[in-house]
Every structure is written in C-alpha cells, then in structure tokens.
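If you want the building blocks of each chain, they are given just below.
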Amino acid sequence: MAEEAVQRLKQDKADPDEIAKEVAKLLEMKVQLGGDEGKHKFVLKTPKGTRDYSPKQMAIRERVFNAIITCFKRHGAEVIDTPVFELKETLTGKYGEDSKLIYDLKDQGGELLSLRYDLTVPFARYLAMNKITNIKRYHIAKVYRRDNPAMTRGRYREFYQCDFDIAGHFDPMIPDAECLKIVHEILSDLQLGDFLIKVNDRCILDGMFAVCGVPDSKFRTICSSVDKLDKMPWEEVRSEMVGEKGLSPEAADHIGEYVQLHGEHRGVEPLALFFQARQGGPAMERHKAAYTTGQAHRCGCCCTGRPEAWLVSTGGLDLIERLLQDPKLSQNKLAKEGLGDMKLLFEYLTLFGITGKISFDLSLARGLDYYTGVIFEAVLLQQENDHVEEPVSVGSVAGGGRYDGLVGMFDPKGRKVPCVGVSIGIERIFSILEQRVEASEEKIRTTETQVLVASAQKKLLEERLKLITELWDAGIKAEVLYKKNPKLLNQLQYCEDTGIPLVAIVGEQELKDGVVKLRVVATREEVRPVVAWCEGDWLLDSSSQLRPALQTQLYLTLQWCHQVVHGKVALLVHILSVVPKGEIRGVRHCHLMWKASKA
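In the annotation of an unreviewed UniProt entry, the protein chain is listed under the name histidine--tRNA ligase and assigned to Mycteria americana. For the protein chain, the Sequence similarities (unreviewed entry) comment in UniProt is given as "Belongs to the class-II aminoacyl-tRNA synthetase family." The Catalytic activity (unreviewed entry) comment attached to the protein chain in UniProt states, word for word, "tRNA(His) + L-histidine + ATP = L-histidyl-tRNA(His) + AMP + diphosphate + H(+)".

This is the structure we're talking about:
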C-alpha cells in the first residue's frame, strides 16, 4: 500500500518533498518488517570437507562397497553398528597427537559427546561393554575428523571407513596374516593398479627407539614423527624430532640409520637360490617339496608358472634376518620378539601367495597410540592412466594393525581382548575410480531396471499398470512412465537414456491376442510373441516355433515360477528372473510373456 502511494504521487507529479517523505516511510516499514536490506545472504554450499554424491557417483560407490562387503563375508565376518557419537571420555587419549582432530559436540543434557573419529575405538568399547571375547566383524560407517581437507585426494572431514577386525585369543600371526590377505584381495579385485602393502611391528619400533637412546616418555611422540616419513624427507623429520620434540641429535641419527632400511621389493628370485639361503619352516618345506617334484605351479603360493626357472617372492625376509643379527636389536627383548613375529608372519603370507606385494618397512609407524604389534599400510605405487598425463596421487588406501590393549582400557577389571584389524580407505579408492570413469567417459547405469512397460496407443494406462503389478509382484525390476498417454518414442528414448535393456509393449493387437510384444533396446529388434503359459506343471504351446533346445529350459522355468506365483506370471517374468543376463538373446525368440487377464 505504501508502494502504491509513492507510485501514485509520482504519476500525479506531486511535490518532491512529499514523495521523499512517503519513500522514507516505506523504507522504515521495510526495516521493521525485515526486508532484504540488512539480511544475511544465504549461500548454498556443503560444509568444508564434505560433499554431495550424484546418482552416477553413488553407483560407482555401490560397486566398491559390494566388492568390499563380499570379501569381508567370504572371510566369515559378522556386521555390527555403533552410534555416530560417543561419550567424549571414550575417545579421549586414544589417538595421540590426532586427538585434536576430534569433533566435540555441545553439552546435550549433561553428557559431553564427540563425533567418532574412527570405528576401532567404538568397537573396543562395544566389546568391553558387552563382555565379548571372540568375534570377527566388519563395520562400514561414516567417521568425522577436523582435518585440513584435500578433496581431490580423497581427504574429507566426513567420510566412510570399511573396517574388518578379528578379536580373541588365537595363535600368533594367523589372524594378522588373514587381514593382510583381505587387503590384497580387495585391492586386486578393484583393479586400482600396482600396489604395495608395507608392514612393521610396534615392538620392533619400540625396541629400535630404546637402543637408539630415545627416552620412554618420548616413544609415542617420536613414533608420530617417524610416521610422517611417507610425506616428508628424512631431514625434515629429523629436524622436527630434534627442534620441536627435544630429542638428542645422536639419537635421531641412530633412528635414521634404521628407518631408512626397507625390505628389498625385488619380487622374485630363483627357487634354487632361495632354498640355499633359507632352511626350515613350514612355508619353506612346502616350496621345496613343490620345487623338487616339479609341481611348483601347484603349490598354491607365490611361485610363477614359468617352466624354465621357478621363482618366488622374497619381499622382506632378508631384512628380518639381517636385523636378527644386528648386535643392538638382537639384545633388545621387544625388538627380538617383534622380529620373530614378523618372520612367522612372512611364512604365513608365503602360504597365502601374496608376499610379492608385501614389503617390511622400518619407516612405517602409524601414529595412533593404541597399536601394540603388527602394523601395515597399503599404498598405490603408480596410477597409470592413458587419458590423464599426471598420475592420480591419493596416498595410502588401507591400513591397520594389532591393538591388544585397547579393550582392556574400557573393561572395569582391565581384562584384555587381543584384536587385529584393517580399515579400507574407501574415499581415496573412490576418488581414483571416479577420475578414471570421467576420463574414459564410461556410461554408468544408475538404476537396475530390467524392463519398461510401455504402450503403443492411447488409453492403455490401466493395462500398463496391471502388467507392471504382475512384474513387481514376481520380483522383476520394472518401470512405467508417469503419463496417461505417453508417446512410444518418448518411452523408447527413456530406455536408451537410462540403460533399460528391454521394453514390454502393450498395444491393441497384443491385447486381442493376449500377449505382450518384447523389444530389445540395444538392437531395436521387436520379436513376434509365441503364446505359451503355465497350466499345472506343464508348458502348453500353441505354436511350433519353439526350438527343441529351448523347450526344456522353458518348461523348467515355467514350472519353477508356477510354484512361486501359481502360474499367473507370464514368460517375460520367467526369462528375466531365471535365465542369466548374457543368455537373454538366446531365448528371446520364444517369449510369450504375459497371460492376459481374460485368460
């Protein structure tokens, strides 16, 4: 109303002072009502270190999750879940210098809470609270860290972790070796490129720190510095140890002599030389027996299939033997114990056939406080891509280790439950696959729809809905366009755009004949229906066009469906649900598909 008054005064060419007076009133009213002026502009964006995922991106993620879950289940794991936030005291003091990255929440009803930093500490709390002493579990869920995000490298503040853990008292190194086997299986299955799994042992590290002159009180903080060697050169790490953490230069130099040692990742060597250099042990005996009997290609481990010279991987045993002979380390109880475990671990890894991808690396430290034994980390060596000049740099893609004391921290009586586990870096893996798909321009299906129910003429909505109901009830993934009279061309175009392989077309002639026409979207071929249906356990065929090779298949298919849906679903249902996807072309010529309601 005030605006109208101003406009009217202007039209009437009223006195400027009178117009200005009305304008001032209008502005004052806008301020009182909370007008646009003074309003905070709302920016549509996701919080720093987080992102949305499109249907295409989610389809890629689902593939990765399915591969990981399949592997976890193959190894006998159960699944659990825990709250996304924990009591602050549950998480405090478990992550060393990384504790500053924990998200604390405001006081909610007298409880101090924090968002979970990982899935391992909540798992340990779960075991202690429920008095569980033996479990093999996997857990896939989001965790939160107040880190500096590097989103192009798969580093976020909110991200998924995929954890596999074995808890319980078992013989040494058998569960640890299985965790490494799982990492090898997953990375091989996802085809991310060449990778290396670095292994070390906290006992070896602590023994090394002791013989180098590191005070006990500085073990964990120096361990955190060593953990940065994959990102910083030794000179910078040494400077941090001496300048920031107060370690003596002599002790730092002694550490440098050790941590720059790596197991030679030379892949393979002639078996004859291998047996000359090593004696005893179950793995060696198995290799030797296979070699001497000419069955090396069947020994189930890392021997290659080359007949002229059977070869075997050696990734780390040499360094273990050298360190066992080291005059200082060999006299330290912790280091000697850790080296013994590492040697046993490599024997089991040899039996699993994966030592070609394993490297014993003394620079591997993993900064989390709760690790007590074997630690490991998987890294991609090089990411080749024909479409991208620069390799994709994403850091480590999996890590884990043994943490025998964590559960005891939560148990009132301090009872320990030994645990070992691995966490797969799903976000970094996804970052690689997403860039690879974008570079290759691969078309990704975002739905699993098997068939679109379409109509060729108008006023057939009722028939389309009846048919799709039967398909849904039979477990077939089907869609229909949400229009009463859609154009056939639009329906076919929708299938091409979304990747739906088949179209079931209902038309006036098909209704008269009591059949449905089937169109293969990729070839655009429409097949003339054959009338066949299931009555009792028999296939009745009103046409002689069925090829003999297909009759048994169709009979069994229809008999199976009759037991499930009482013979009311047509052959389209049976073909889609029983015949493997790759064989659909072989049976499409016999496809009666729908028993019309009048039948």
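Colleague: Quick question: what am I supposed to make of the overall build of the protein chain here?
Modeller: Across its full length, the protein chain holds 22 helices and 19 strands. Of all 599 residues assigned to the protein chain, the portion counted as buried reaches 47%. In the protein chain, once contacts between residues fewer than 6 apart in sequence are set aside, the share between residues at least 24 apart is 68%. Counting every atom, the protein chain has about 31,300 Å² of accessible surface; 52% of that belongs to carbon and sulfur.

Colleague: Where do I start with the sheet that holds strand E17 (residues 525–527) in this structure?
Modeller: To summarise the sheet geometry, strands pair through backbone hydrogen bonds and adopt either a parallel or an antiparallel arrangement. The 5 strands are arranged E14-E13-E15-E16-E17 in an open sheet whose pairing can be described as mixed. Each edge of the open sheet is held by one strand with a lone partner, namely strand E14 (478–479) and E17. Where strand E13 (residues 451–455) lies against strand E15 (residues 502–506), 5 bridges are found, and the strand directions are parallel. From the neighbouring strand, Leu452 faces E15, where its bridge partner is Val503. Running at roughly 165° to E13, helix H17 (residues 461–473) makes contact with E13, E14 and E15 of the sheet.

Colleague: Hey, could you run me through the environment of Tyr258 in this one?
Modeller: Position of Tyr258 relative to the elements: it lies in helix H10 (residues 249–259). Residue classification places Tyr258 among the buried residues on the basis of a relative accessible area of 9%. Between the C-alpha atom of Tyr258 and that of Met208, which follows or precedes it by 50 residues, the distance is 7.8 Å. Dropping the residues within four chain positions of it, Tyr258 is found in contact with Met208, Val211, Cys212, Leu323, Asp326, Lys328, Leu329 and Leu362. Reaching out from Tyr258, the side chain makes a polar contact with the side chain of Asp326 at a distance of 3.1 Å.

What counts, and at which threshold
- Residues numbered from 1 in each chain as written.
- Predicted model: local features only at pLDDT ≥ 70, side-chain atom pairs only at ≥ 80, totals over all residues.
- Heavy atoms only, no water.
- UniProt positions renumbered as here; feature names shortened; annotations may be inferred.
- Helix = DSSP H or I, 4+ residues; strand = E, 2+ residues; numbered from the N terminus.
- Buried < 20%, exposed > 50% of the residue type's maximum accessible area, 1.4 Å probe, protein only.
- Contact = heavy atoms within 4.5 Å.
- Areas by Shrake-Rupley, 256 points an atom, 1.4 Å probe, with all protein chains shown as cover.
- Pairing = 2+ DSSP bridges.
- Axes fitted to C-alpha atoms, helices over the stretch in contact; angles between N-to-C directions.
- Polar contact = N/O pair within 3.5 Å; in protein donor to acceptor, adjacent residues only side chain to side chain.

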